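Reading the structure
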Amino acid sequence: MTTQAAVAAPGARLKKALRRRDDHGGTPRLSPLWTFVAWLATLAFFAPVGWMVLTSFHQEADAATNPPSPLAPVTFDQYKLLFSRDIAPFLLNSTMASVISTLLVLVLAVPTAYALSIKPVQKWTDVMFFFLSTKFLPAIAALLPVYLIVKDAGMLDNVWTLIILYTAMNLPIAVWMMRSFLAEVPKEILEAAEVDGAGLPTVLLRIVAPVAMPGLAATSLICFIFSWNEFMFAVNLTATNASTAPVFLVGFITSEGLFLARLCAAATLVSLPVLIAGFAAQDKLVRGLSLGAVK
């Protein structure tokens, strides 16, 4: 092979690969093997959730068998017993704490991310590091001082205490996420709005928010999930009035034993709001999490 042919060979192979990709609609096709591997991984991740849902429709005796019996008779008794224990207040507390704290996080994170990305402040990298440094300390290390502060303030067993804590916990994550999303907003649109005399509230609500809606949806869902699943502060700072859904689940682990079928029924019911929220925002969630990944 001559020198010119050796140099031209990689280019020819590249052109051939690009033509083959264009022939398939511009998107490379996965082989049947990789498709099988993807489905296998999906089923492996879903198997524990599916087993939990299936166990929730069994009697305690069938759920406790070893090995377990997936073909045991189906019953709704566990869900009837679950609602007889009045789960509604726990779900209401979790909903209130998660939704309000997520809204507060967005109200605080969007202007902050705007100042750190579109209108960068001086030494913005130091500010971002400060936000990140607040996540270095394990939450359990802050439990005792937080408990003493909340006790002295007379805010024990109060859902607003959880709202404040969840807002503080999720704010650094939201700022980091929203900064990367807002950095993708075209600067030309913002400059045109400023020329037209739009103020900061107008720019945020009518220009930045629609463009960054996938990022807002992804950030909101992640903050909502973190708040909904939080257990440590909820179990230590609440008693009867402000207990959340994760605290309710612990009630099925008693000295008398583990009520496995009832626990699975409660876990299935508690997981539904997060699953519904994720399903409703799945298109924006995928766009938001992949925003900025490809230049």
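Quick caveat: nothing in here was measured; it's all calculated off a predicted structure. (Residues numbered from 1 in each chain as written. Predicted model: local features only at pLDDT ≥ 70, side-chain atom pairs only at ≥ 80, totals over all residues. Heavy atoms only, no water.)

The helix and strand inventory of the protein stands at 15 helices and 2 strands. Counting only residues that meet the buried cut, the protein has 35% of its 295 residues in that class. Intrachain contacts of the protein at a sequence separation of at least 6 include 76% that bridge at least 24 residues. As presented, the protein carries roughly 18,100 Å² of accessible surface, and 70% of it is formed by carbon and sulfur atoms. (Helix = DSSP H or I, 4+ residues; strand = E, 2+ residues; numbered from the N terminus. Buried < 20%, exposed > 50% of the residue type's maximum accessible area, 1.4 Å probe, protein only. Contact = heavy atoms within 4.5 Å. Areas by Shrake-Rupley, 256 points an atom, 1.4 Å probe, with all protein chains shown as cover.)

Core analysis: the largest hydrophobic core is formed by 20 residues, its most contacted members being Tyr114, Ile118, Met178, Leu182, Leu190 and Val208. Contributions of two or more residues to this core are made by α5 (88–117), α8 (159–182), α9 (187–195), α10 (200–211) and α11 (213–229). With 5 residues, the single largest contributor to this core is α10. Listed in part, the 14 residues of the second largest apolar core include Leu82, Ile87, Phe224 and Phe248. (Core = buried A, V, L, I, M, F, W, Y, C linked by side-chain atoms within 4.5 Å.)

A word on the packing of aromatic side chains. Applying the stated rule across the entire model yields 6 aromatic pairs. An angle of 45 degrees between the planes, with centres 4.9 Å apart, marks the rings of Phe90 and Phe248 as tilted. Of the two residues, Phe90 is situated in helix α5 and Phe248 in helix α13 (residues 245–250); the sequence distance between them amounts to 158 residues. Centre to centre, the rings of Phe129 and Phe136 are 6.1 Å apart; their planes meet at 70 degrees, and the pair counts as edge-to-face. The residues Phe129 and Phe136 share a single accessibility class, namely exposed. (Phe/Tyr/Trp six-rings, centres within 6.5 Å; stacked < 30°, edge-to-face > 60°.)

What follows deals with the side chain of Thr244. Positionally, Thr244 belongs in the loop between α12 (232–237) and α13. The exposure class assigned to Thr244 is buried, which follows from its relative accessible area of 2%. Residues contacting Thr244, with those up to four places away along its chain left out, are Phe90, Asn93, Ser94, Leu162, Glu230 and Ala234.

All of the buried residues along helix α4 (residues 77–84) are Gln78, Tyr79 and Leu82. Looking straight down α4, one finds its buried side chains confined to an arc of 95 degrees; they lie on one side. Turned more than 90 degrees away from the buried face of α4, the exposed residues are Lys80 and Ser84. On its buried face, α4 is in contact with α3 (60–63), α13 and α14 (260–280). (Arc of directions from axis to C-beta.)

For the rest of this paragraph, the subject is unusual backbone geometry. Look at Asp157: it is not a glycine, yet its phi comes out positive at around 55 degrees. Relative to the assigned elements, Asp157 resides in the loop between α7 (143–152) and α8. Exposure remark for Asp157: the relative accessible area of 17% places this residue in the buried category.

What follows deals with α11. Look at α11: 24 Å from first C-alpha to last across 17 residues, which is about the 24 Å you get at 1.5 Å a residue. Judged by how many residues are buried, α11 sits mostly within the fold: 12 of 17 residues are covered. Of all the positions in α11, only Pro214, Gly215, Leu216, Ala217, Ala218, Thr219, Ser220, Leu221, Cys223, Phe224, Ser227 and Trp228 are classed as buried. (Expected span 1.5 Å × (residues − 1).)

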